[in-house]
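Chain and residue survey
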Amino acid sequence: FPVTIVKHNNKLATSFENLGRRVLFYAGLGALTGFVEQIYDIRGQYEMLERSMGALLGDFAKGSALFNKIQARALKSPFTVIDLSSAAKQLLAYNFAEGQVADTTKRLADISSALGVPIERLVYNTGQIKAKGFLDSRDARDYANSGLAIVPMLAKLYTEQKRNGEQAVTTSEVYDMMTKKMVSYGDVMAVINKATNDGGMFFDFQAKQAETLKGQM
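The text that follows walks through the structure, step by step, so that each part is easy to find.

Examining empty space enclosed by the protein
Scanning all chains against the criterion turns up one cavity of 30 Å³ or more. Secondary-structure elements contributing two or more residues to the lining of the largest cavity are helix H2 (60-73) and helix H4 (98-115). The leading source of residues in the lining of the largest cavity is H4, at three residues. Taken together, the residues of the lining of the largest cavity break down into three nonpolar, two polar and two charged.

Okay, here's the thing in structure tokens:
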């Protein structure tokens, strides 16, 4: 009788062991299948973005070249290829020149990384300013809400452009200039470029954030 019980228990244990192996096998197979499906889905998104860039540039070869440049830069960024490519596509839609897109995308992504705000938000604001040709109080407020103190930065830029001995430009004067449409898109980009150039407060911030655990994940 005890021998029968032992045999029965051994058989039951073996059955459970086999069942466990089956569960692990099918779970692993399902995970692998899901992973492959994700790869196809992401690759499909890559192709759509690449073709969209080509359509906006009127040349698919140029679109592929721009996409490849964005893809290479994403290796040292906490953003995905899709994030950066979508931002670049938005800039193209705002009529940024082909030669400006990759560089502007990098600069706005550096600022986005530093401030912790969505890059598409900065792209939208910058695109709106480019479309109008000047900075108004609404766009300045949107930048400020993102953490980008554009008005004080402009005041500093204008002060640096003055000759020695001239009075410093105040933020109040910058606001007054905005009401008269005197703060140009070029001035805004000069501030953004200065902040993201070597030595600027946002210089190469994507690479810095990419080194964090979240960025690596």
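Examining the nonpolar core
The tendency in soluble globular proteins is for nonpolar side chains to be buried as a group. Among the nonpolar cores identified, the biggest contains 50 residues, and Leu 135, Tyr 143, Ile 150, Leu 154, Val 174, Val 183 and Val 188 are the most heavily contacted of them. Ignoring sequence-local partners within four residues, the contact set of Ile 150 consists of Leu 135, Ala 140, Tyr 143, Val 188 and Val 191.

Quick word on the layout of surface pockets
There is about 180 Å³ of room inside the second largest pocket. Met 153, Lys 156, Leu 157, Glu 160, Val 191, Lys 194, Ala 195, Gly 199, Gly 200 and Met 201 together form the lining of the second largest pocket. Elements with a minimum of two residues in the lining of the second largest pocket: helix H7 (150-161) and helix H9 (185-196). With four residues, H7 is the single largest residue contributor to the lining of the second largest pocket. Taken together, the residues of the lining of the second largest pocket sort by class into five nonpolar, two polar and three charged.

Brief notes about the packing of aromatic side chains
Per the counting criterion, the structure on display carries one aromatic pair. Lys 130 extends its terminal NZ or CZ atom over the ring of Phe 96, reaching a point 5.2 Å from the ring centre.

As for the pattern of salt bridges
Across all of its chains, the model carries eight salt bridges by this definition. Among the ionic pairs, Glu 160 bridges to Lys 194, the shortest N-O distance being 2.4 Å. Of this pair, Glu 160 sits in helix H7 while Lys 194 sits in helix H9, and the two are 34 residues apart along the sequence. Here Asp 176 ties to Lys 180 by a salt bridge, and the two come within 3.2 Å at their closest N and O atoms. Asp 176 sits in the partly exposed class, given a relative accessible area of 38%. Take Lys 180: its relative accessible area is 51%, and that puts it in the exposed class. Taken together, the salt bridges that share partners define one network made up of Lys 106, Asp 110 and Asp 204.

Each value, and the rule that gives it
Residues numbered from 1 in each chain as written. Predicted model: local features only at pLDDT ≥ 70, side-chain atom pairs only at ≥ 80, totals over all residues. Heavy atoms only, no water. 1 Å grid on protein atoms, 1.4 Å probe; cavity = no way out; pocket = protein on both sides within 12 Å on 5 of 7 lines; lining within 4 Å. Points joined across faces, edges and corners; volume = space filled by probe spheres on them. Helix = DSSP H or I, 4+ residues; strand = E, 2+ residues; numbered from the N terminus. Nonpolar A, V, L, I, M, F, W, Y, C, P; charged D, E, K, R; others polar. Core = buried A, V, L, I, M, F, W, Y, C linked by side-chain atoms within 4.5 Å. Buried < 20%, exposed > 50% of the residue type's maximum accessible area, 1.4 Å probe, protein only. Contact = heavy atoms within 4.5 Å. Phe/Tyr/Trp six-rings, centres within 6.5 Å; stacked < 30°, edge-to-face > 60°. Lys NZ or Arg CZ within 6 Å of the ring centre and 35° of its normal. Salt bridge = Lys/Arg side-chain N within 4 Å of Asp/Glu carboxyl O.

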